[in-house]
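Residues per chain, in single letters:
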Amino acid sequence: MSDLDITVLDATATVHRESLRHRGWPVELFVHTEASIRHFVSQDLAERKPTMARLVARGVPLLPGDGGAAVRRYCEEVLQAGPAPLPAETLARARYALSDLLDDMQGAAPGPEGTAVAVETWRRTAEMVLDVNGCWRGGGKWLMRELISLDTEAGTSWVSRLDAGLAAALAGDTTLLRVTAEECLSLAGGWLWEGFHQAASIDESR
């Protein structure tokens, strides 16, 4: 059921994406210029998710010649370099958010609110694990793929523990998810709630 992602490099094209079917197969076309690829790679870097870079660098060329070779090299270099170190302020906000969620999870009754808190705790823990290990993030299935890659390289078990922890939390037992999240927090600098301070950014010209 997976769709086929095809990047089309065309210097004269209007940059766009298009979904269609070819012989019954769902296809996603991503039509770009070299400049637009570099633009979207830059945007992705800010989110620590190398979607565009991976699509270009790891794709299989469908046409002969070296068309797009330069931008493919650029994308491969981005992937190999990995994400930039997480700024201290950004990490502090992530620690605060996860600490706050753990407080919410402790007080949440089983039901819709408890489910929402458990799922968000699972997601933020997974992202923080990747951040503190200098790994790329991902969304949806790619979040787990990035964690699987980390576990494989580092010999850790974050994926299985988070998966089991979330399943248990949804069934009413938050112990494993809490312990896993607290271990992640310890790697990032520890629990952060009391004393957290964040200045507001207000546009006074409006």
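None of the values given here were measured: they were computed from a predicted structure.

## Description of the overall build of the protein
Phase 1: Broken down by element type, the protein carries eight helices and three strands.
Phase 2: From first element to last, N terminus to C terminus, the protein shows the α and β order β-β-β-α-α-α-α-α-α-α-α.
Phase 3: With the C-alpha coordinates of the protein rotated into their principal frame, the extents come out at 60 × 50 × 40 Å.
Phase 4: Buried positions account for 35% of the 206 residues belonging to the protein.
Phase 5: Taking the intrachain contacts of the protein between residues at least 6 apart in sequence as the baseline, contacts between residues at least 24 apart amount to 51%.
Phase 6: For the protein, the accessible surface area stands at approximately 12700 Å², while carbon and sulfur atoms represent 54% of it.
Phase 7: Distance between charge centres in the protein, computed from 20 positive and 29 negative side chains, equals 5 Å.

## So, the pattern of salt bridges
Phase 1: Following the criterion strictly, the structure yields 11 salt bridges and no others.
Phase 2: Glu28 is paired through a salt bridge with Arg17; the nearest N and O atoms lie 3.3 Å apart. Highlighted residues: Glu28 in strand E3 (residues 25–32) and Arg17 in strand E2 (residues 16–22), separated in sequence by 11 residues.
Phase 3: A relative accessible area of 54% places Arg17 in the exposed class.

## Points about the environment of Leu177
Phase 1: The residue Leu177 is located in helix H8 (residues 175–188) in this model.
Phase 2: Measuring from C-alpha to C-alpha, the distance between Leu177 and Val41 comes to 33 Å, with 136 residues separating the pair along the chain.

## Some thoughts on the sheet that holds strand E1 (residues 4–9)
Phase 1: Pairing in this open sheet of three strands is mixed, and the strands run E1-E3-E2 from one edge to the other. One side of each edge strand has no neighbouring strand; the edge strands of this open sheet are E1 and E2. Pairwise comparison of adjacent strand axes, ignoring direction, gives a mean angle of 25 degrees for this sheet.
Phase 2: Here six bridges tie E1 to E3, and the two strands are oriented parallel to one another. Bridging from a neighbouring strand, Leu4 pairs with Val27 of E3.
Phase 3: Across the sheet, helix H1 (residues 34–47) lies against E1 and E3, angled at about 100 degrees from E3, the strand it touches most.

## Details of the packing of aromatic side chains
Working definition: an aromatic ring pair is given by the centre-to-centre distance plus the angle between the planes.
Phase 1: Tallying each qualifying case throughout the model produces zero aromatic pairs.
Phase 2: For Arg38, the ring lying beneath its charged end belongs to Tyr74, and the centroid distance is 4.4 Å.
Phase 3: Its end group placed over the ring of Trp142, Arg145 keeps NZ or CZ at 4.8 Å from the ring centre.

Reading guide: rules and limits
- Residues numbered from 1 in each chain as written.
- Predicted model: local features only at pLDDT ≥ 70, side-chain atom pairs only at ≥ 80, totals over all residues.
- Heavy atoms only, no water.
- Helix = DSSP H or I, 4+ residues; strand = E, 2+ residues; numbered from the N terminus.
- Buried < 20%, exposed > 50% of the residue type's maximum accessible area, 1.4 Å probe, protein only.
- Contact = heavy atoms within 4.5 Å.
- Areas by Shrake-Rupley, 256 points an atom, 1.4 Å probe, with all protein chains shown as cover.
- Lys, Arg positive; Asp, Glu negative; His and termini not counted.
- Charge placed at Lys NZ, Arg CZ, Asp CG, Glu CD.
- Salt bridge = Lys/Arg side-chain N within 4 Å of Asp/Glu carboxyl O.
- Pairing = 2+ DSSP bridges.
- Axes fitted to C-alpha atoms, helices over the stretch in contact; angles between N-to-C directions.
- Phe/Tyr/Trp six-rings, centres within 6.5 Å; stacked < 30°, edge-to-face > 60°.
- Lys NZ or Arg CZ within 6 Å of the ring centre and 35° of its normal.

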